[in-house]
Amino acid sequence: MDTRKRLLRGIKALLAGLFRARAKPVSVSAGTDFLAAAVLEPRHADGDDLLTAGLGRTGLLGPPVAFADARRPTPAELRRRAIQMSWKGIAWLQPLAVADTYGALTPVPGREYNAFARVPGATATHRVLAQIPDAFDRAARCLLVAPASGSRGIHGAIAVAGAWALPRGYAVAYTDKAAGSGYWDSSACSGVALDGVRAAAGDVPLEFEPAAPLAGHDAIGVKHAHSGDNPEADWGQHTLQAARFGLAMLDRAFPAQAPFTPQNTRVIAVGISNGGGAVLQAAALDQQRVLSGVVAGEPNICVEGGRPLYDYATEAALWMPCALLDPFFDDAPGARGNPLLASAAAARGATLQAQGWLPAETLPAQARAALAHLRAQGWQDGALKSAAAVTAFDLWRSLAVLYAAAYTRSGSEPMPCGYQYAFTDGLGHLVPAPAALAALWGPDAAGVPPGNGVAIVDTRQTPPDLHAPGLLCLRGLWTGSAAAARRLRAGVAATRSDPPRTGLPVLLVHGEEDGLIPAAFSSAPYLAAARKAGLPVREWRVSPAQHFDAFLAIPGFARHYVPLVPYVHAALDALWAHLRSGAALPGDMQIRAVPGLPPTAANLRLPAVGAR
């Protein structure tokens, strides 16, 4: 009887998924044995497309896409909004910047292939998506592989890879790296299906469903934190699986030209931030020579001799609020004008002094000493200036809470240091999330709470420095000797990468003023390790550029910084010219750009390489 029930449930799930998505089911081929469910194959044309979901430049700039029924948006509405919000979250969407620096946003009709995949040994799946334009250039045969930045959903790299590839007639294969915004809602026992619609557990396969009930009242589950896996340790495998998936879907789209293989199709891996780290991990694992080349922008990469993100994020979370009171930050965007940040900074100075870390007693002296400490730990002044905004947005704590759970593989057990994700009402009470708001998690959320109504619940909050007890606990997981600390450091060690395999062209692009993933802690040690191994990795260092192109829309930022993604596109131009016509790859560059509105090619000083 149990077997029969499981069979009926499986049939029901398959039919429900096909009905909602109205997409053609595609059987799994032998080359994609890592897929965990049937592939959905919708086509997008006639007012819809692959690059902007029919919104065009005007729609991407406009207000968020509305739903006819806020409680039950359709797959098409959810996809359109997800693509729009992915553009808004990555690109500097002011009209001339989109036109001048992110490529042509003309409609690109074509087909999409959506699936869940799983790497060996993992509990949770990762999403893969192949976008194949109708006007695919069958002579050039190019596939870009693009892991999402941060912990974003499956469209999280569309402004990086799709913007460059799709208008040229090249295909793109994406992966969410087993993170994403398909949050699990414990109160409703629901998650996100492959078509983007929220669905109850057992109805259809879900993007994330915890192995056991989550600890905490009405807890919200985030795959990156709660899967019980350490997704970052598998980023390279996620990327290489996405490449295999893209090639298999090209076979399906163009059977007369099949097979599409690494020997006859150029496969380029590109990503920024965590996506940049993922393509570099793939470069190290690519012993089967799937990849033709790699472009990694502002990569979160950890090698021997560098500092892992968890180390400097927990350090910055504790020390930066106090340091921000120093006059050094008077001209740093985001450092002034926030009374809550100023009062928190004063309380943090007292906390650091109570720990015996700051001998100074006056507030100016404490700020000066905190700044000196960060510099002594390797923080460079340009990175410190832009880290002010990272601190103001509370990103250090957000990252530390999530990564602590991932690195310790906490799964459904309580998150480290007493944290929890939950929906809260206007009074801070934990309550079930309204259906209309839960429907927005998939397209809108960045995969790292807080945001979209999902809060970080801190059970250790104590005035006057509310966040300090939890942050001290998170820092102790890096510096301490308890079992949980040893487990976390083992999780971090599992993410360390080797240099790329021999013969693989690799271009690094990093902002000199990156305050979230400082180059001194990430790409610089990676470059040194590659050079020590005799590998000709190239680096373009751009100044003044910080981590987030989207921050340039905040008043004051565009006066200080230039966007970084256009340089990633220029690096793709250079790599493509090398792969297709044998042009020499440019060497290392120190690019000195000029901020300004609107950004122009002359101000950005983009390298004149390849065909733009």
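Worth saying up front: this structure is predicted, and the values here are computed from it rather than measured.

Chemist: Explain the state of the cysteines to me, please; I cannot follow it from the model alone.
Modeler: Structurally, a disulfide amounts to a covalent bond that connects the sulfur atoms of two cysteines. In this structure the tally under the stated criterion is 1 disulfide. One disulfide in the model links Cys417 with Cys473; its S-S distance is 2.1 Å. Between Cys417 and Cys473 the disulfide shows an S-S torsion of about -85°. By sign, it is left-handed. Placement of the pair is Cys417 in the loop between helix 13 (395–407) and strand 14 (419–423) and Cys473 in helix 15 (residues 468–479), with a sequence separation of 56 residues. Across the pair, exposure class does not vary: Cys417 and Cys473 are buried alike.

Chemist: Even after reading the chapter, I still don't get the packing of aromatic side chains, so can you show me in this structure?
Modeler: For any two aromatic rings, the description comes down to two numbers: the centre-to-centre distance and the angle of the planes. Counting across every chain of the model gives 18 aromatic pairs. Aromatic side chains Phe136 and Phe254 sit 5.3 Å apart centroid to centroid with 20° between the ring planes, which places their arrangement in the stacked category. Taken together, the positions of Phe136 in the loop between strand 5 (126–133) and strand 6 (142–147) and Phe254 in the loop between helix 7 (235–253) and strand 12 (266–272) put the pair 118 residues apart, joining distant regions of the chain. Given a relative accessible area of 5%, Phe136 falls into the buried group. Assessed through its relative accessible area of 5%, Phe254 is described here as buried. Ring plane angle 65° and centroid distance 6.1 Å describe the contact between Phe136 and Phe260, whose orientation is recorded as edge-to-face. With a gap of 124 residues between them, Phe136 in the loop between strand 5 and strand 6 and Phe260 in the loop between helix 7 and strand 12 connect regions that are remote in the sequence. For Phe260, a relative accessible area of 4% corresponds to the buried category. Taken together, Phe393, Phe548, Phe551, Phe557 and Tyr561 form an aromatic cluster joined through their ring pairs. In this arrangement the basic side chain of Arg141 is found over the ring face of Phe260, its NZ or CZ atom lying 3.9 Å from the centre. Between the NZ or CZ atom of Arg307 and the centre of the ring of Phe521, over which it lies, the distance is 4.9 Å.

Chemist: I tried to follow the pattern of salt bridges on my own but got confused; where do I start?
Modeler: Pairing between side chains of opposite charge can happen when the charged atoms of each approach one another. Applying the stated criterion across every chain yields a total of 21 salt bridges. We note a salt bridge from Arg79 to Asp48, for which the minimum N-O separation is 3.0 Å. Taken as a pair, Arg79 in helix 3 (residues 75–90) and Asp48 in the loop between strand 3 (43–44) and helix 2 (56–61) lie far apart in primary sequence, 31 residues in all. Note on Arg79: relative accessible area 11%, which makes it buried. Note that Arg81 and Asp444 form a salt bridge whose closest N and O atoms lie 2.6 Å from each other. Taken as a pair, Arg81 in helix 3 and Asp444 in helix 14 (residues 435–444) lie far apart in primary sequence, 363 residues in all. Using a relative accessible area of 16% as the deciding quantity, one classes Asp444 as buried. Connected through salt bridges with shared partners, the residues Arg307, Asp311, Glu315 and Arg475 form a single ionic network.

Chemist: Please clarify how helix 14 should be interpreted in this entry.
Modeler: Two residues of an α-helix separated by three or four positions point the same way, owing to the 3.6 residues in each turn. Among the residues making up helix 14, those that are buried are Ala438, Ala439, Trp441, Pro443 and Asp444. Packed against the buried residues of helix 14 are helix 3, strand 8 (184–185), strand 10 (198–200), strand 11 (220–221) and strand 15 (454–458).

Chemist: Which parts of the structure should I look at to understand the packing of helix 13 against helix 15?
Modeler: Two packed helices can be described by the angle between their axes and the distance between those axes. Two elements in contact, helix 13 and helix 15, have axes whose closest approach is 11 Å; the angle formed by their N-to-C orientations is 50°. Here helix 13 is positioned oblique relative to helix 15, judged by the angle of their axes. The element helix 13 and its partner helix 15 pack so that their crossing is left-handed. In this structure, helix 13 contributes Arg397, Ala400, Val401 and Ala404 to the contact, and helix 15 contributes Leu471, Leu474 and Leu477. Classifying every residue of the contact of helix 13 with helix 15 by side-chain character gives 6 nonpolar, no polar and 1 charged.

Chemist: Help me understand the side chain of Glu112 in this model?
Modeler: Tracing the sequence through the fold places Glu112 in strand 4 (residues 110–117). Look at Glu112 and you get buried, because its relative accessible area is 2%. Side-chain polar atoms of Glu112 contact the side chain of His44, separated by 3.2 Å. Those residues in contact with Glu112 that lie beyond four places of it in its chain are Leu40, Glu41, Pro42, His44, Leu50, Arg79, Leu129, Ala130 and Gln131.

Chemist: In this structure, what is going on with the pairing of strand 13 (residues 293–297)? I would like to understand it.
Modeler: A regular strand places its side chains so that they alternate between the two faces of the sheet. Across the 5 residues that make up strand 13, a large majority, 5, are buried. Residues of strand 13 alternate between two faces, with Gly293, Val295 and Gly297 on one and Val294 and Ala296 on the opposite face, all of them buried. In terms of strand pairing, strand 12 meets strand 13 through 5 bridges, oriented parallel. For Ile272, the partnering residue across the bridge sits in strand 13 and is Gly297. In this region the chain leaves strand 12, passes through helix 8 (residues 274–285) and returns to the parallel neighbour strand 13; the handedness of that crossover is right-handed. Here 4 bridges tie strand 13 to strand 16 (residues 506–511), and the two strands are oriented parallel to one another. Counted as the bridge partner of Val295 is Leu507 from strand 16.

Chemist: When you look at the nonpolar core in this model, what are you seeing that I'm missing?
Modeler: Across soluble globular proteins, nonpolar side chains show a tendency to be buried alongside one another. Formed by 66 residues in total, the largest nonpolar core has its most connected members in Trp87, Leu144, Tyr174, Val270, Trp540 and Tyr567. For this core, the secondary structure elements donating two or more residues are helix 3, strand 6, helix 5 (158–165), strand 7 (171–175), strand 12, strand 16, strand 17 (538–543) and helix 18 (565–581). Beyond its immediate sequence surroundings of up to four residues, Val270 is in contact with Leu144, Val145, Ala146, Pro147, Val160, Ala161, Val279, Val295, Val568 and Leu572.

Chemist: So what exactly am I meant to see when it comes to the environment of Glu232 here?
Modeler: Structurally, the position occupied by Glu232 is in the loop between helix 6 (223–226) and helix 7. Residue class for Glu232 comes out buried when judged on its relative accessible area of 4%. The spatial distance from the C-alpha of Glu232 to the C-alpha of Gln281 is 9.5 Å, given a sequence separation of 49 residues. Non-local contacts of Glu232, meaning those with residues more than four positions away in its chain, are made with Gln281, Asn300, Tyr403, Tyr407 and Thr495.

Chemist: Just to check I follow, could you spell out unusual backbone geometry for this structure?
Modeler: Trans peptide bonds make up most of the peptide bonds, and negative phi angles are found at most residues other than glycine. Note that the residue after Ala258, namely Pro259, is joined by a cis bond; omega there is 5°. Backbone torsion omega between Pro449 and Pro450 reads 10°, so that peptide bond is classified as cis. Considering the arrangement of structural elements, one finds Pro450 in the loop between helix 14 and strand 15. A positive phi is found at Ala178, a non-glycine position, where the angle reads about 60°. Among the secondary structure elements, Ala178 is positioned in the loop between strand 7 and strand 8.

Conventions we followed
- Residues numbered from 1 in each chain as written.
- Predicted model: local features only at pLDDT ≥ 70, side-chain atom pairs only at ≥ 80, totals over all residues.
- Heavy atoms only, no water.
- Disulfide = S-S within 2.5 Å.
- Helix = DSSP H or I, 4+ residues; strand = E, 2+ residues; numbered from the N terminus.
- Buried < 20%, exposed > 50% of the residue type's maximum accessible area, 1.4 Å probe, protein only.
- Phe/Tyr/Trp six-rings, centres within 6.5 Å; stacked < 30°, edge-to-face > 60°.
- Lys NZ or Arg CZ within 6 Å of the ring centre and 35° of its normal.
- Salt bridge = Lys/Arg side-chain N within 4 Å of Asp/Glu carboxyl O.
- Contact = heavy atoms within 4.5 Å.
- Axes fitted to C-alpha atoms, helices over the stretch in contact; angles between N-to-C directions.
- Parallel < 35°, antiparallel > 145°, perpendicular 65-115°, else oblique.
- Left-handed = near helix turned anticlockwise from the far one by under 90°.
- Nonpolar A, V, L, I, M, F, W, Y, C, P; charged D, E, K, R; others polar.
- Polar contact = N/O pair within 3.5 Å; in protein donor to acceptor, adjacent residues only side chain to side chain.
- Pairing = 2+ DSSP bridges.
- Right-handed = clockwise from strand over helix to strand, strands pointing away.
- Core = buried A, V, L, I, M, F, W, Y, C linked by side-chain atoms within 4.5 Å.

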